[in-house]
Amino acid sequence: MRSLLLHLSENKRLAPLIMHNAVSRRVARRFVAGETLNDAIEAAREVNRAKRSASLDLLGENVSDEAGARRAADDYLAIFDRIAREKLDANVSLKLTQLGLDLGEPLCQDLLEKIVGHAAELGNFVRIDMEGSAYTQRTVEITRRVRSRFTNVGTVMQAYLYRAEQDVKDLLSVGCRMRLCKGAYKEPLDVAFPKKEDVDANYVKLMKLLLPSGIYHGIATHDPAMIQATKEFVREKEIGREQFEFQMLYGIRTDLQEQLVRQGYRLRVYIPFGTDWFPYFMRRLAERPANLTFFLRNLMPLSGRRHSS
Ligand SMILES: Cc1cc2nc3c(=O)[nH]c(=O)nc-3n(C[C@H](O)[C@H](O)[C@H](O)COP(=O)(O)OP(=O)(O)OC[C@H]3O[C@@H](n4cnc5c(N)ncnc54)[C@H](O)[C@@H]3O)c2cc1C
């Protein structure tokens, strides 16, 4: 089911059907803060009130024309201005395919540098999300190049990738901040660990490489076992709670978010917003069968009632 949903997340014909359906729009709102920047700002304010940091993500990927990539870059400049004006504790997460990576690296890098430069002037930070494995090498290379000019940029490592350990070591050697996650895309067997237990073991291994580095990293997961392993490791190595942060997605495991904050850990909430929410929504459905069941039950309320009566 996970594979099927991830496959469907790239289906351009299904996207408008789901996105214009009232029920899916309602269910998607659990994971997406809204369609406008104002919605995202309001969500970030709420997250900050709950003593959590935020990372704003303007949804969009695989932009296929230069004008679209430039528009996305302008939007990100405006997002940083708004964060500064509102004095929010928030940075930004973006995808390189949103900045035209499919159209060529020079355009993408140029737009990224504009955004990172602007963020630097405002004392803020840009996180480059990691997309499917077709983009890993280019994302790592662009991150390294931009990181050599600006220190306020970092990327993401996906523990399901066999190559992640080497990438972590390479990026640590240039002082790069990283977010560690498990990985959300459909990947072939020769690229990624197929079994959850192997992904989890690699996650813990990479966490143990990242956290003693003295660089500020993000441990992004909702998995209590990964969180527990991190807590135990930092206790054992006497790594301070201000030296890293946990990260979770908007609308997911808010109970766990609250618990971590109560225990004195730093927590950042990733807040996606925008009209292009279909692929993000499908990846969230793919991660948890219960999400799909909830969605389908809402989509077919009458048949559900018939069965239960
Ligand atoms: C802040 C952040 C940024 C991310 N950035 C990227 C990125 O750049 N690139 C990338 O490939 N992936 C990214 N991801 C997604 C990540 O790779 C995983 O797909 C996702 O976090 C699920 O993995 P998990 O660590 O929560 O563990 P899992 O083993 O998948 O889940 C553990 C538990 O968490 C809960 N949970 C997990 N997902 C959901 C969900 N969708 N709905 C409800 N409950 C859920 C369930 O209780 C589940 O049992 C990011 C995740 C986070 C938290």
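Structure: see above.
Remember, it's a predicted structure, so these values are computed and weren't measured experimentally. (Residues numbered from 1 in each chain as written. Predicted model: local features only at pLDDT ≥ 70, side-chain atom pairs only at ≥ 80, totals over all residues. Heavy atoms only, no water.)

A. Structural view of the nonpolar core. If you look at the biggest cluster of nonpolar residues, it comprises 83 residues, and the most contacted ones within it are Leu56, Leu94, Leu99, Leu112, Val126, Leu180 and Ile271. Non-local contacts of leucine 180, meaning those with residues more than four positions away in its chain, are made with Met157, Ala159, Tyr203, Leu206, Met207, Leu210, Gly218, Ile219 and Ala220. Core analysis: the second largest hydrophobic core is formed by 23 residues, Leu6, Val23, Leu249 and Phe281 among them. (Core = buried A, V, L, I, M, F, W, Y, C linked by side-chain atoms within 4.5 Å. Buried < 20%, exposed > 50% of the residue type's maximum accessible area, 1.4 Å probe, protein only. Contact = heavy atoms within 4.5 Å.)

B. Just the side chain of threonine 143, in detail. Mapped onto the secondary structure, threonine 143 falls in helix H7 (residues 136-147). By relative accessible area, threonine 143 is classed as buried at 0%. Here the side chain of threonine 143 touches threonine 139 through a polar contact of 2.6 Å, landing on its backbone oxygen. Sequence-distant contacts of threonine 143, that is, excluding residues within four places in its chain, are made with Ile128, Gly154, Thr155 and Cys176. (Helix = DSSP H or I, 4+ residues; strand = E, 2+ residues; numbered from the N terminus. Polar contact = N/O pair within 3.5 Å; in protein donor to acceptor, adjacent residues only side chain to side chain.)

C. The arrangement of the pattern of salt bridges in detail. Within the structure shown, the criterion is met by 24 salt bridges. In this structure, glutamate 86 and arginine 45 form a salt bridge, with 2.8 Å as the shortest nitrogen-oxygen distance. Linking glutamate 86 in the loop between helix H5 (66-85) and strand S2 (90-94) with arginine 45 in helix H4 (residues 37-49), this pair joins segments that are 41 residues apart in sequence. For aspartate 200, the salt bridge goes to lysine 182, with nearest N and O atoms at 2.8 Å. (Salt bridge = Lys/Arg side-chain N within 4 Å of Asp/Glu carboxyl O.)

D. Highlighting the packing of aromatic side chains. Enumeration over the complete set of coordinates arrives at eight aromatic pairs. Their ring planes at 75° and their centres at 5.5 Å tell us that phenylalanine 246 and tyrosine 265 sit as a pair that is edge-to-face. Of the two residues, phenylalanine 246 sits in strand S7 (residues 244-249) while tyrosine 265 sits in the loop between helix H11 (254-262) and strand S8 (267-273), which places them 19 residues apart along the sequence. Ring geometry for tyrosine 270 and tyrosine 280: centres 6.4 Å apart, planes at 5°, overall stacked. Taken together, the residues span a long stretch of sequence, with tyrosine 270 in strand S8 and tyrosine 280 in helix H12 (residues 278-287) at a distance of 10 residues. Judged by its relative accessible area of 2%, tyrosine 280 is buried. Clustering of aromatic rings is evident, with ring pairs tying together Phe31, Trp277, Phe281 and Phe295. Just above the ring of phenylalanine 125 sits the side chain of arginine 177; from NZ or CZ to the centre is 3.7 Å. (Phe/Tyr/Trp six-rings, centres within 6.5 Å; stacked < 30°, edge-to-face > 60°. Lys NZ or Arg CZ within 6 Å of the ring centre and 35° of its normal.)

E. Up close: the sheet that holds strand S6 (residues 217-220). If you trace the eight strands once around the closed barrel, you get S1-S2-S3-S4-S5-S6-S7-S8, paired in parallel fashion. For this sheet, the mean inter-axis angle between neighbouring strands, taken without regard to orientation, is 30°. Relative to S2, strand S1 (residues 53-58) runs parallel, the two sharing four bridges. Bridged to alanine 54 within S2 is alanine 90. In the packing of helix H6 (residues 105-121) onto the sheet, the strands contacted are S2, strand S3 (126-128) and strand S4 (153-158), and the crossing angle to S3 comes to about 145°. Against the sheet, H7 touches S3 and S4, its axis set at about 155° to S4. (Pairing = 2+ DSSP bridges. Axes fitted to C-alpha atoms, helices over the stretch in contact; angles between N-to-C directions.)

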